Amino acid sequence: MPKRPYSPERHFHSIMNREQRNPVDTRLKELVEKAVKQGASQDIIYKLMESARRIKDRRFRQKTASKIDERKSIPFHEAKKRTDVYSIDFASEWRYGDAYDEEEVRNRLGAAIVKHQHYVLKDSIGAPRFVLGFFSGNGYFDDCIRIDVIQRLRTKPGYLHRPTLFRDGLYDYKTETNEANKFRKELGMHPAEFLLAEFILRNKSALLRGKKILLNRVVGRAYAKNYLSLIERYFKEGTDGFYPYELDLTKSRVKEILGI
């Protein structure tokens, strides 16, 4: 539906006849009421309203631009050059759990050791931030590489307060998300996507020989909100029931990573 053209008269009635919550409109209503009492002309009142409208519009554009800048990603090969803000390690197994002793955390995750291979994305101080767990080889898996998990980890900055002798620690997902967004800004792209891209690059020779990379359906379902974009950008529907997402070598981001 097309937007109605701006009408000073309609704007005037909207300001005067409604309770205003926006600080610009609240101040505008005060000024317009004062101008009316002082007998200001309609032309002056309309100019005052047009000035307030431009202020609101400018604030909206700045806020929108800020959001776009925060979300904007740089290409993987550019992010890869930022070696001062990240490192990647290999682990033959990984222990999932809290950044502190679980017994000292009120909403503890509970430790679990997963005995398959992981790539670990760390930040500039060496703290693990994201992991990608996978199977490769071992007979049944010779024809493909199977990603079992892409997971954000709990970090010490993600706690509302740290565990002490007299007070339990409390982990907060929103606080962790804020920390992850800071890391994302330093890295230049979403850490989960960066780790997946690095994994694809490290398996380039195997992929070009015809080996497949598959993604666990549990990741796709349990983390659909977080990883739906990864599936759309990197995978296609496969034929394996438990690993139904297959890396798509025709996707533009995959081709960019592999240089094909």
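**Some thoughts on the overall build of the chain**
Next, step 1: What the chain contains, in helices and strands, is ten helices and eleven strands.
Next, step 2: Counting across all 260 residues of the chain, residues that qualify as buried make up 38%.
Next, step 3: The long-range share in the chain, meaning contacts at least 24 apart out of those at least 6 apart in sequence, stands at 57%.
Next, step 4: A total accessible area of about 16,300 Å² is found for the chain, and carbon and sulfur atoms account for 51% of it.

**Observations concerning the pattern of salt bridges**
Next, step 1: In this structure the tally under the stated criterion is eleven salt bridges.
Next, step 2: The salt bridge involving Lys 80 is made with Glu 198; its shortest N-O contact spans 2.8 Å. A residue pair is termed long-range when its members are at least 10 positions apart, and Lys 80 in the loop between helix H4 (76-79) and strand S1 (86-91) and Glu 198 in helix H6 (residues 191-202) qualify at 118 residues.

**Remarks on the packing of aromatic side chains**
Next, step 1: One pass over the full model with this rule turns up ten aromatic pairs.
Next, step 2: Ring plane angle 65 degrees and centroid distance 5.7 Å describe the contact between Phe 90 and Tyr 119, whose orientation is recorded as edge-to-face. Of this pair, Phe 90 sits in strand S1 while Tyr 119 sits in strand S4 (residues 117-123), and the two are 29 residues apart along the sequence.
Next, step 3: By relative accessible area, which is 45% here, Phe 90 ends up partly exposed.
Next, step 4: With relative accessibility at 14%, the residue Tyr 119 sits in the buried group.

**Describing the environment of Leu 215**
Next, step 1: With respect to the helices and strands, the residue Leu 215 is situated in strand S9 (residues 212-215).
Next, step 2: Among the residues examined, Leu 215 registers a relative accessible area of 2% and is labelled buried.
Next, step 3: Separated by 28 residues in sequence, Leu 215 and Tyr 243 have C-alpha atoms that sit 5.1 Å apart.
Next, step 4: If sequence neighbours within four positions are ignored, Leu 215 has contacts with Ile 147, Ile 150, Ile 231, Phe 235, Phe 242, Tyr 243, Pro 244 and Tyr 245.

**Observations concerning the confidence of the model for the chain**
Next, step 1: For the chain, the mean per-residue pLDDT works out to 82, and 83% of the residues sit at or above 70.
Next, step 2: Considering only residues more than four positions removed or in separate chains, one finds that residues 62-70, a stretch of pLDDT under 50, has zero contacts.

**Structural notes on helix H5 (residues 173-187)**
Next, step 1: In a regular helix each residue adds 1.5 Å, so 15 residues correspond to 21 Å; H5 covers 20 Å between its end C-alpha atoms and thus fits that length.
Next, step 2: Those residues of H5 that fall on the buried side of the exposure criterion are Thr 175, Glu 176, Glu 179, Ala 180, Phe 183, Arg 184 and Leu 187.
Next, step 3: Positive phi shows up at Gly 188, right after H5, with a value of about 100 degrees.

**As for the environment of Ile 15**
Next, step 1: Assignment of secondary structure puts Ile 15 in helix H1 (residues 8-17).
Next, step 2: Sequence spacing of Ile 15 and Glu 30 is 15 residues, and the spatial spacing of their C-alpha atoms is 9.8 Å.

**What about the side chain of His 116?**
Next, step 1: Relative to the helices and strands, His 116 resides in the loop between strand S3 (112-114) and S4.
Next, step 2: Apart from the residues lying within four places of it in its own chain, the contact partners of His 116 are Ala 91, Ser 92, Glu 93, Trp 94, Gly 133, Phe 134, Phe 135 and Asp 148.

**Quick look at the nonpolar core**
Next, step 1: Core analysis: the largest hydrophobic core is formed by 36 residues, its most contacted members being Leu 121, Ile 147, Phe 194, Tyr 234 and Phe 235.
Next, step 2: Beyond its immediate stretch of four places on either side in the chain, Tyr 234 contacts Glu 193, Leu 196, Ile 200, Glu 246, Leu 247, Asp 248, Lys 251, Arg 253, Val 254 and Ile 257.

**With respect to the pairing of S4**
Next, step 1: Burial analysis of S4 places six of its seven residues in the buried class, the great majority of the element.
Next, step 2: Relative to S4, S1 runs antiparallel, the two being bridged by six bridges. For Ser 87, the partnering residue across the bridge sits in S4 and is Lys 122.

**Things to note about the side chain of Glu 198**
Next, step 1: Overall, the relative accessible area of 5% leaves Glu 198 in the buried class.
Next, step 2: Setting aside residues no more than four positions away along its own chain, Glu 198 makes contact with Phe 76, Lys 80 and Ile 88.

**Comments concerning the environment of Phe 90**
Next, step 1: Considered as a pair, Phe 90 and Gln 117 are 27 residues apart in the sequence and their alpha carbons are 7.5 Å apart.
Next, step 2: Excluding residues within four positions of it along the chain, Phe 90 makes contact with Gln 117, His 118, Tyr 119 and Phe 134.

About the thresholds
- Residues numbered from 1 in each chain as written.
- Predicted model: local features only at pLDDT ≥ 70, side-chain atom pairs only at ≥ 80, totals over all residues.
- Heavy atoms only, no water.
- Helix = DSSP H or I, 4+ residues; strand = E, 2+ residues; numbered from the N terminus.
- Buried < 20%, exposed > 50% of the residue type's maximum accessible area, 1.4 Å probe, protein only.
- Contact = heavy atoms within 4.5 Å.
- Areas by Shrake-Rupley, 256 points an atom, 1.4 Å probe, with all protein chains shown as cover.
- Salt bridge = Lys/Arg side-chain N within 4 Å of Asp/Glu carboxyl O.
- Phe/Tyr/Trp six-rings, centres within 6.5 Å; stacked < 30°, edge-to-face > 60°.
- pLDDT = per-residue confidence, 0-100.
- Expected span 1.5 Å × (residues − 1).
- Core = buried A, V, L, I, M, F, W, Y, C linked by side-chain atoms within 4.5 Å.
- Pairing = 2+ DSSP bridges.

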